[in-house]
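Structure assessment
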Amino acid sequence: MKHIILIDDDSISNFVNSQLLLQTRFVEDVKSIESAEEAIEHFEKIKQGTEGLPDLVLVDIRMPVMDGFTLAEELLQRFPELKGNVLFYFLSSSLDPKDEERSNNHPLSSGFLRKPLSKAYLEQVFR
Amino acid sequence: MQDHIHEKFEEREDERAILEIELLTDYLDKFSLVNSREELVDLSREIFEQKLPSQYTGLYLWNEEEQRLIMMVATGFSDEERIEAERTAMDRHVGQVYRSGEPILIDDTFDPNAVWSKDSKRNFKVRTRLVMPVKSFNRTVGVFIIASDKPNKFSTLEKSIFNVICKIAGYIYHHLDQLEKSESQNRKLADLALIATKTSNNVIIANRLGQIEWVNDAFIKQTGYSMEESIGQTPGKLLNNSLSPLETRIALREAISEGKHIKTEVTNQTKSGQTYTNEIDITPVLDDDGKVLKYISVQKDVTEKNQFVEELRTSSLKLKEINNRFETIAKFSRIGIWEWDVIENKTFWSDIAFQVFGVKNQIHDDMFTYWQSLIHPDDFERTLHSTYSLVEGKVNMVEAQYRSIDEAGQIRHLRGLTYMERDDNGQNLKMIGSVVDVSNEIIAANTLSTSEAKYRDIFNNNVAGVFRTTVEGQILDVNKSFLKTFGYEKEELRSTGLNKLYFSEQDREVYISELKVKGRLQNYFLRTRHKSGSAMDLLINVQLVHSDGESLVEGTLMDISEIRRAERKVQSSEMLFRGIFDNNLAGVFLVNSEGKIVDGNKSAAQILGVDGVFNEHDYHFSDFILSREKWDKIQNLIAENKIPASFRLQIMPLQGLNGLDVLLTCNQVELEGLGNCQLFTAIDTSEADLLNQKLIESEKRYRDLFENSLEIIQSFGPEGNLIFCNQKWFNTLGYTEEESTKMNLFDIIVPEEHEHCHNLFERVLNGESVQNIDVTFIGKTGNRVELNGNVVPMLKNGKMESTHSFFRDVSIEKKQKQAIEDQRKFYEKVLENVPAEISILDKDQTFLYLNPVSIASVSPRSNSVGKRLYDRLIEIGRTKEEVEYRIGKFKDAERLRTVVSFEENLQTMQGSQKTIMRQFFPLFDDQCKLDLMISVGTDVTELEDNRRRLLDNNEELRKVNHELDRFVYSVSHDLRAPIASVKGLLTLMRENEASDEVKKTYVDMMNTVMDRMDHVIFEILDYSRNSRLEVVAEKMDIVNLVKGAVNTYRHFSTKPVLLEVEENIQSEFYADSRRIQSVLNNLISNAIKYSLKGPQDIQLKVSVHVNSESLKLIISDNGEGIRESYIEKIFDMFYRASNTSSGSGLGLYICREVLKKLDGTISVKSEEGKGTSFTVMVPNSIPVK
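This section reports on the structure supplied with the text.

Rules of the game
Residues numbered from 1 in each chain as written. Chains lettered and ligands numbered in written order. Predicted model: local features only at pLDDT ≥ 70, side-chain atom pairs only at ≥ 80, totals over all residues. Heavy atoms only, no water. Contact = heavy atoms within 4.5 Å. Buried area = accessible area lost by both parts, 1.4 Å probe. Salt bridge = Lys/Arg side-chain N within 4 Å of Asp/Glu carboxyl O. Helix = DSSP H or I, 4+ residues; strand = E, 2+ residues; numbered from the N terminus. Axes fitted to C-alpha atoms, helices over the stretch in contact; angles between N-to-C directions. Parallel < 35°, antiparallel > 145°, perpendicular 65-115°, else oblique. Left-handed = near helix turned anticlockwise from the far one by under 90°. Nonpolar A, V, L, I, M, F, W, Y, C, P; charged D, E, K, R; others polar. Pairing = 2+ DSSP bridges. Patch = residues over 30% accessible without salt bridge, like charges linked within 9 Å, V, L, I, M, F, W, Y side chains within 5 Å. Areas by Shrake-Rupley, 256 points an atom, 1.4 Å probe, with all protein chains shown as cover. Lys, Arg positive; Asp, Glu negative; His and termini not counted. Charge placed at Lys NZ, Arg CZ, Asp CG, Glu CD. Phe/Tyr/Trp six-rings, centres within 6.5 Å; stacked < 30°, edge-to-face > 60°. Buried < 20%, exposed > 50% of the residue type's maximum accessible area, 1.4 Å probe, protein only. Lys NZ or Arg CZ within 6 Å of the ring centre and 35° of its normal.

1. Digging into the interface of chain A and chain B
Taken residue by residue, the interface counts 26 residues in chain A and 29 residues in chain B. Across the chain A to chain B interface the summed buried area is about 2,400 Å²; carbon plus sulfur atoms make up 58%. Among the residues of chain A in contact with chain B, Ile12, Arg62 and Val65 of chain A are the three that bury the most area, contributing 26% of the side total. Summed over the shared surface of chain A and chain B, the number is two salt bridges. Two residues, Arg1136 of chain B and Asp9 of chain A, come together in a salt bridge whose shortest N-O distance is 3.3 Å.

In structure tokens, the structure reads:
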């Protein structure tokens, strides 16, 4: 679990989370992406081999234009090989149980992480 | 175990049923091993104590019919405390459950005397009791009382546990019942065994092969064989029955091989070789399939029987003796005896029997037919019928009275008593009868009835004058004979009195004074006058009666003028004399100077009790006279020629026992050849006295009936004049007696009925009886009386004399009828007007009644009444399914014996949908059979519609709720996101040793985040304000506001903002300024925030058009624009179409909501990469001046 992609439209949130991730022992690099469109472009590059395959993907649910669930759906459609090979977590500060439920039920999903993240929380989840 | 049950039950519904069955089978197995009552109660106790949750009391098996506690388990009461337990547990609720078979829940919360359990483990105050029926084969046999200290109801789970226990209890009861039954059967068997052992008869029980299985003591004693020696042997062989006749032995063998009952006599040998004869009775015992299980042989020693036969012979001799004696008695009592042996067809008739029938003493071959030939044809059928009923076994004895014709052709009246002797099977054996001649009795009875009829006749024709008057001679009442005797009408006598009836004033004075002195005059001779003036001689019996302090005269009288006239004629005409003399009813006789009777007529001979030929005998008149002294005086008077008009003497007839009261007159006559003679007339008044007495009595009787009758009785003459009426008449109509005498029929009939009554009266006068007529009378005070009754014509000698009417007052009856009718009308009115379909059907589903609503313009009501439910519904166009559904409900109500409610959706004749709530109310008769079914249908279409509307509203509410939910979650997200970022930044700051510069970056970030949060909170406030606050219109300057907003949000971008305003203001503008401000702020801040990346300036073009109607505001920018596919969504809540800035997604949503509230509109045009233009229209709310 060395290479991580973080997708969140909130740049500050992205910054904070990538710092936190980098502070855990098992993370080597974090790629921050600020919109779903960019994320798709990035995965396209991974497919083409110009970018490396991440070990873990964290996706914010509430993003403008294309939200996290739509993105996950899009990724599964375009890159079905992701399923099973990459840990894929949904990320949100939402307290709506429906968001959590949807996250857990998505075929690509490995789980749901609630903001704010903390080192202790991350270590607990990824141990 | 208890917990286990709970867990299990909570899991699933259907597992409960499985558990129930498991529990049941578990315990049923155990119960099947129970052999005594004690064991059963112990096992029950064990189960119930284990199964019952500790807060409940246990099982009472209470038998309501016997009113006793059969068993109690786990109640805490000991057996000694049973009565206390009964009192505690049993109250009216138990009986209710027992009868209904349905459980009930009793709330004892407020009952200070509520049941306490005696069990130390279960000592608590009862708050709730559940009384459940314990059923065994669908019959309630007990109750299960569960008492709980919980005030609440029992849960479904608990109830189902109780159910299991109840079922087990049912089985327990069944088991207990079986146990009791088998115990009593065993007792019965034991009794039988005891009888078999102890009886002096010799008893053998053999198996189906005839081998001995058991013998009793009597057998051992008689035969000398022991039980051991006998078992396994056949009785025939063991006892050597070869001495019995061959046919007996064959019969025995056959009976045993065929399993038949046999009764015969066998001769056996004992062990020691002695022979004895037994009467043997072998009965096979069959199993349910009719196969022989065992034989039971009972033998009776008939050695003693011979003695009995001897006794029988002796007694039969005795019987013969008795018979002879009886015969003798029968002979003297003239009772004929006959006997017919049905089996052998032998007949016996005693001598007297022949004599009674008056026929020759001779037995015929077929005496029955012979007897029939003697019966009088008129009585034949009746007599034979009663005899046959005897032969057919319908009766044991018949008594018949019939006539027979004897040999001389004379009719005899006979009375017969016939008895049929039968054997035990009812077979006729012997017919025995007695017969007596009752002709004399019958004739006597007939005579009696004839004379009775005669007397009645006399009364009816009122031969005697009957009268009732005052002493002063005022008439109170007289009968018709009286009037006829005198030739007056009643009215004449009423007004004038009686005094003119006397022959002379002197006669009257003598008569009255004598009456006053004696109080009673018997056979008083009074001279009176007919209306025509002619004198009449009357014989009067009269008495003074005291009534209400007044003296009245009551009496009867008879005209004897004829007799007197005859006497007088005797004096004058010898020629006439003889004829009248002989034919006169009075006795007439001549006595010569020597006192000898020389001649007399037949009547005289009768009175004196002699034969009619006087001159051949030497009768002296004085010899016949009992009252000698009086006679002497009279003779003196005669000698002095002062002969009294009449005198009374007691005469003793020659042939007779009693003296007669005879009224005599005496006249001196000189006859040729006889010289001076005395001519006597004599009337025997003894009989007349009696008759008079009777007449008075019966008159009284009839009068009482007449006067006390509850009916109004009146009699009118052909002219409508009132002849008489009774007391009731006076009471009812209020007229006095005097007024009544002048009344006419039509005076008392109400005028409107005159015509009708006139017709009726005509009909009656023509001899017709009119029955059951209604008439209204009017009384003196104008009171109206409604009457019902009959009017009959009274004829005399074929001529109409009067009418008699008998009326009953029916006013009250009519009022009651009217009240009932009113009530009926009231109910009918209610039924007819109640806004529900009401119909009544009988048990065969036929309509008896339908109210107008239930017809509902379908068909005339009369067409439906009498029709069956099925036929009618089909006829009015209901589908077969609808009809069957309703009939099904009808049957449900009948079967369940309760109200059944259901809903029907129907198509009305007008084509709209209707929902009817229908209820069937069954009514049952005394035999608990369905009597009537009341169907009530209520139109609940509106209710149903409301219910649907409510459901729709609910759906909407659910939607709103859902939206609200989403809103709350989104808001919380938008608020939490900045917090999460701040927290993260703080962690970073705390945990890392960051440089001041880095820390400054962190703080700047925090600031940004907090700004965003602030913005979100503002927007939420905006949103909530819009939805919450009232719309307030005030004067606004839009252009200024636009300019202000642009200045406020200028700093959102680092680039310069150029504003160009195009205005066209034709009117003042009024609107809700806060809301308009909010819209402007959103649109302008958006235009600045979402500018294109690049160096060019932000250009805003705002166009403001105001007229008296509205504001039209167009805000255009040269920003990034909106992708076409997102345009639809931009006004949605929380929708964000741009990645550029992180707004909350509420801004445009709020704009749309605000404009909705202001009755305005908002629309958008946009081109990605070029710019966006929003157009806002708001109505101008200029206040009306």
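2. Some details on unusual backbone geometry
Pro116 of chain A follows Lys115 of chain A through a cis peptide bond whose omega is 0 degrees. The phi dihedral of Arg897 of chain B falls on the positive side, at around 60 degrees, and the residue is not glycine. Within the secondary structure layout, Arg897 of chain B lies in the loop between α32 (880-896) and β33 (900-907).

3. Here's the deal with the packing of helix α33 (residues 941-991) of chain B against helix α34 (residues 996-1028) of chain B
Residue and element names in this part refer to chain B. Running from amino to carboxyl end, α33 crosses α34 at an angle of 165 degrees, the nearest separation of the two axes being 10 Å. The orientation of α33 with respect to α34, classified from their angle, is roughly antiparallel. Crossing of α33 over α34 shows left-handed handedness. Contacts between α33 and α34 involve Phe967, Val971, Asp974, Leu975, Pro978, Ile979, Ser981, Val982, Leu985, Leu986, Leu988 and Met989 from the first element and Lys999, Tyr1002, Val1003, Met1005, Met1006, Val1009, Met1010, Met1013, Val1016, Ile1017, Ile1020 and Tyr1023 from the second. Looking at the contact of α33 with α34, its residues break down into 21 nonpolar, one polar and two charged.

4. Comments concerning the sheet that holds strand β5 (residues 111-114) of chain A
Residue and element names in this part refer to chain A. Pairing within the open sheet is parallel, and its five strands lie in the order β2-β1-β3-β4-β5. Each edge of the sheet is formed by a strand with only one pairing partner; in this case those strands are β2 (29-33) and β5. When strand polarity is set aside, the average angle formed by the axes of neighbouring strands in this sheet is 25 degrees. Pairing of strand β4 (residues 87-92) with β5, which is carried by four bridges, proceeds in the parallel orientation. Looking at the pairing, Leu91 lines up with Leu113 of β5.

5. Some points on a negative patch on the surface
Judged by side-chain charge, Glu38, Glu39, Asp42 and Glu46 of chain B come together as a negatively charged surface patch. Considering the arrangement of structural elements, one finds Glu38 of chain B in helix α3 (residues 37-51).

6. As for the packing of aromatic side chains
Residue and element names in this part refer to chain B. This model, assessed by the stated rule, comprises 23 aromatic pairs over all chains. With a centroid separation of 5.2 Å and an interplanar angle of 85 degrees, the aromatic rings of Phe621 and Trp631 are classed as edge-to-face. Here the residue Phe621 occupies a position in helix α22 (residues 621-624), and Trp631 occupies one in helix α23 (residues 628-639), the gap between them amounting to ten residues. Since its relative accessible area comes to 1%, Phe621 is described here as buried. For the cation-ring pair, Arg872 lies above Phe847, with the distance from its terminal atom to the ring centre recorded as 5.4 Å.

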